[in-house]
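Chain residues, written in single-letter form:
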Amino acid sequence: MKIARTFLKQHMLWVGFVAVIIPLLCILALQYWSLLKLEKTSSVADKVWMKNYLSDVATEVKYFYKGNVEQALNIPAYAITGELLEKGKSPFGACEVKGVKRLFVSAFDRTGEWKTYFYDPSCKTYQCTQIASEARAINVASASFKMMGQEKTVVRMSGFTVDDRDPENRIVMKPILDESSKIAGVAGFIIDVDYLKQEFLPQVINTSLPVKFPDQTQDNVIVRVYDARHNVVYATKPGKGQGEETMTGLPIVTDVYVAIQSRTMTPEQWARWNFTVNLSLSILMTTVLIGGIVLALRTASRELKVSQMKTDFVSNVSHELRTPLSSVRVFGEFLRLGRVSEPEKIREYGQYIETESRRLTQLINNILDFSKIESGRKTYQFERADVGEVIADTLKTLEVQLKQNGFQIIFEAPDSPLPPAVIDADAVAQAFMNLLDNAVKYSASAKEINVRLDQEEGFICLSVTDHGIGIPREEQEKIFDKFYRVSTGLVHDVKGSGLGLALVKHIVEAHHGKVTVTSEPGRGSSFTIHLPAAKITGEDAKSQGTNNVAKSGPPLVLGYKDS
Ligand SMILES: Nc1ncnc2c1ncn2[C@@H]1O[C@H](COP(=O)(O)OP(=O)(O)O)[C@@H](O)[C@H]1O
Ligand SMILES: [Mg+2]
């Protein structure tokens, strides 16, 4: 229980992260699954919907011809007696029959011969002359009825029959029965297929489309009518359409087809598009959310680290302040009480007090500058100056301290004079002092430090190289962060504020320069400050001969290890 609680406490951020991520991924998986289902069902639903529409059209066609039969072919036997027919009297009613090429009656005449009489569907009294092909088709179609009539068979049918053996003359007919249910004749019509294709179907399609596909969705489909040779005889919209066409043959006129097709995107394409868009949005949202969480976690963990580093900083700084202060106090007391009389010792104590005070000043300066940087109040006084001179002056002030610690500084400058730079001399000196201070602190037993001035592609390069403990590769970027201190190996024993390099970086960047490090653990480190050089003016050229430190000759050796 306790272990679990400490684990939770230590890994709070990760636990929170996992607690958010798992439900999120579950939601995403669920959405993927439901979208997949939706894609399948919606595409099937759309297909079914289109098929439904076509079957509606087919039903309309069927009812149309059924209506024609009801309207025209219910003829009583007494209206087709041979006498009446021969007189040219039409047995059909007075109304016009649409979609019909010819109306006809086949019946036995007074001599008992099976004869066919033709009528115009719009002009009921007019008896047409026979057309051979039509008469042939009617003879073929009505042969069985004729036979049943001759044999006086009792017929029990009330519907109509369709004969399409001659595709040019499709015949719909109905037997005319006398009172004893025997066949007296046959009434029928020849279907006007052109009317069906060119008038009836377009009208049916155009009235039923908005009903089946409301809210302008009818614009997204094309309905076509095909003839027997698969030529388009009518289309609601021009163009090709997308995807597969759903097609159905019509009843009665079985070689005419109606087909429907998506105009813009097929139902499958729509479903896929819908699926992709929805899923992408979900993935995007989840990614953004995860990104946000990761960012928040990173910030939180960084804050935690910084607050830990701040705590370390306070203890380190108090230590750094207390140690030299107590020595200064002790040496001061010695001097005040006159405990030391030899002038050599007095000078040594005095020097110690001076060195330690300088160190304290540098530490306090670092802290003050850092606080100014943090609050955005740090300002720089840029002036044209000679970097070499600034470095040489700084080295001179540190000479004693370095000598005391037994350090040997090898200062190298190029043969040719360095160009001037626009710098804040105090800030550059402070940056250099910090690098030198680090070189001293992290040198361990190696007591040689190289300071090198050089110029390279418009930059003045100042490098401080030690042969000390070095810095692991993975730490080399982090050491420039505020409060950051390498917490492995030898560094543990050396006290520091963790502000020096952060300050160096800030100063150098304020000069539009950069600071780089190369280091190998156990072999030493080399920090280089690159400062942009200023353009040389006439005055610089004159003064360069006289006051530039960068003179040719052997390296300048500042300190010697006294043994
Ligand atoms: N010359 C060097 N050799 C080895 N490590 C160094 C060197 N300079 C800096 N470092 C590492 O970088 C860290 C940060 O340096 P700095 O910001 O000056 O802080 P401080 O010196 O107060 O610890 C140091 O704690 C040390 O671990
Ligand atoms: Mg330092």
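The structure we're discussing is the one just above.
Note that the coordinates shown come from a computational prediction; the quantities given were computed from them, not determined experimentally.

### Digging into the overall build of the chain
Then, number 1: The helix and strand inventory of the chain stands at eleven helices and 18 strands.
Then, number 2: Here the chain holds 563 residues, and the buried ones make up 41% of them.
Then, number 3: Within the chain, contacts between residues separated by at least 24 positions form 67% of all contacts whose residues are at least 6 apart in sequence.
Then, number 4: Total accessible area computed for the chain in this model is approximately 31600 Å², and 56% of it derives from carbon and sulfur atoms.
Then, number 5: Taken together, the 66 basic and 65 acidic charged side chains of the chain have centroids lying 5 Å from each other.

### A short note on the environment of S280
Then, number 1: Turning to its location among the elements, S280 is positioned in helix α6 (residues 267–337).
Then, number 2: Given the relative accessible area of 39%, S280 is considered partly exposed.
Then, number 3: Along the backbone, S280 and Y32 are 248 residues apart, and their C-alpha atoms lie at a distance of 10.0 Å.
Then, number 4: Only 2.5 Å separates the side chain of S280 from the backbone oxygen of T276, close enough to count as a polar contact.

### Points about the site of ligand 1
Then, number 1: The environment of ligand 1 is made up of 20 residues, and the closest members are D466, R485, S497, G498 and L501.
Then, number 2: Separating an oxygen atom of ligand 1 from a backbone N or O atom of G498 is a distance of 2.9 Å.
Then, number 3: Starting from 530 Å² of accessible surface for ligand 1 in isolation, the protein chains cover 98%.
Then, number 4: Counting only elements with at least two residues in the shell around ligand 1, the list comes to α9 (425–441), α10 (500–510) and β17 (524–532).
Then, number 5: Partitioned by chemical class, the residues of the shell around ligand 1 number ten nonpolar, seven polar and three charged.

### Structural notes on unusual backbone geometry
Then, number 1: The residue S181 is not glycine, and still its phi comes out positive at about 60°.
Then, number 2: Note on placement: S181 falls in the loop between β5 (171–177) and β6 (183–191).
Then, number 3: Backbone geometry places E457, a non-glycine residue, at a positive phi of 45°.
Then, number 4: In this structure, E457 sits in the loop between β14 (448–456) and β15 (459–465).

### Description of the nonpolar core
Then, number 1: Counting residues in each nonpolar core, the largest one holds 53 residues, and the members touching the most others are L436 and I529.
Then, number 2: Residue contacts for L436: discarding those within four places in its chain leaves L395, L398, L402, I449, V451 and V464.
Then, number 3: Counting 48 residues, the second-largest nonpolar core is a separate cluster that includes Y53, V100, I176 and F213.

### Regarding α10
Then, number 1: If you check which residues of α10 are buried, you get G500, L501, A502, L503, V504, I507 and V508.
Then, number 2: Each element contacted by the buried residues of α10 is listed here: α7 (343–375), α9, β16 (514–520) and β17.
Then, number 3: Just downstream of α10 lies H512, where phi reads positive at about 60°.

### Remarks on the sheet that holds strand β7 (residues 221–226)
Then, number 1: Spatially, the four strands line up as an open sheet ordered β8-β7-β10-β9, and their pairing is antiparallel. Two strands in the sheet have a free side with no partner beyond their single neighbour: β8 (232–235) and β9 (242–249). Strand-to-strand twist across the sheet, computed as the mean angle between neighbouring axes with direction ignored, equals 25°.
Then, number 2: Of the strand pairs in this sheet, β7 and strand β10 (residues 257–262) are connected by six bridges, and their pairing is antiparallel. Bridge pairing in β10 links V225 to V258.

### Some points on the pattern of salt bridges
Then, number 1: Inspection of the entire model under this criterion finds 18 salt bridges.
Then, number 2: R170 is the partner of D164 in a salt bridge, and the nearest nitrogen-oxygen pair spans 3.5 Å.
Then, number 3: Using a relative accessible area of 35% as the deciding quantity, one classes D164 as partly exposed.
Then, number 4: Salt-bridge contacts for R224 lead to E245; the nearest nitrogen and oxygen are separated by 2.6 Å. Linking R224 in strand β7 with E245 in strand β9, this pair joins segments that are 21 residues apart in sequence.
Then, number 5: Looking at E245, the relative accessible area reads 23%, which means it is partly exposed.
Then, number 6: Salt bridges sharing partners connect three or more residues here, namely D164, R170 and D255.

### Describing a positive patch on the surface
Then, number 1: A grouping of R298, R302, K305 and K478 is seen on the molecular surface, where their side chains present a positively charged patch.
Then, number 2: Looking at where K305 falls in the secondary structure, it is placed in helix α6.

### Section: the packing of aromatic side chains
Then, number 1: One pass over the structure, following the stated rule, counts 13 aromatic pairs.
Then, number 2: Geometrically, the ring pair formed by F92 and Y119 is edge-to-face, given 5.5 Å between the ring centres and 70° between the ring planes. Of this pair, F92 sits in the loop between α3 (82–86) and β1 (100–108) while Y119 sits in strand β2 (residues 114–119), placing them 27 residues apart in sequence.
Then, number 3: Using a relative accessible area of 0% as the deciding quantity, one classes Y119 as buried.

### Let's talk about the side chain of T246
Then, number 1: Along the chain, T246 turns up in strand β9.
Then, number 2: What T246 contacts, discounting residues up to four positions off in sequence, is M50, K51, L54, V258, A259 and I260.

### Considerations on the environment of V258
Then, number 1: Checked against the element boundaries, V258 lands in strand β10.
Then, number 2: For V258, a relative accessible area of 1% translates into the label buried.
Then, number 3: For the pair V258 and M247, spaced eleven residues apart in the sequence, the C-alpha separation amounts to 5.8 Å.
Then, number 4: Residue contacts for V258: discarding those within four places in its chain leaves L54, V57, L201, I205, R224, V225, T246, M247, T248 and L250.

### What to know about the environment of M148
Then, number 1: Position of M148 relative to the elements: it lies in helix α4 (residues 132–150).
Then, number 2: Of the residues examined, M148 reaches a relative accessible area of 24% and is grouped as partly exposed.
Then, number 3: Along the sequence, M148 and I183 sit 35 residues apart, while their C-alpha atoms lie 6.7 Å from each other.
Then, number 4: Aside from chain neighbours lying at most four places away, what touches M148 is T153, V155 and I183.

What counts, and at which threshold
- Residues numbered from 1 in each chain as written.
- Chains lettered and ligands numbered in written order.
- Predicted model: local features only at pLDDT ≥ 70, side-chain atom pairs only at ≥ 80, totals over all residues.
- Heavy atoms only, no water.
- Helix = DSSP H or I, 4+ residues; strand = E, 2+ residues; numbered from the N terminus.
- Buried < 20%, exposed > 50% of the residue type's maximum accessible area, 1.4 Å probe, protein only.
- Contact = heavy atoms within 4.5 Å.
- Areas by Shrake-Rupley, 256 points an atom, 1.4 Å probe, with all protein chains shown as cover.
- Lys, Arg positive; Asp, Glu negative; His and termini not counted.
- Charge placed at Lys NZ, Arg CZ, Asp CG, Glu CD.
- Polar contact = N/O pair within 3.5 Å; in protein donor to acceptor, adjacent residues only side chain to side chain.
- Near = heavy atom within 4 Å.
- Nonpolar A, V, L, I, M, F, W, Y, C, P; charged D, E, K, R; others polar.
- Core = buried A, V, L, I, M, F, W, Y, C linked by side-chain atoms within 4.5 Å.
- Pairing = 2+ DSSP bridges.
- Axes fitted to C-alpha atoms, helices over the stretch in contact; angles between N-to-C directions.
- Salt bridge = Lys/Arg side-chain N within 4 Å of Asp/Glu carboxyl O.
- Patch = residues over 30% accessible without salt bridge, like charges linked within 9 Å, V, L, I, M, F, W, Y side chains within 5 Å.
- Phe/Tyr/Trp six-rings, centres within 6.5 Å; stacked < 30°, edge-to-face > 60°.

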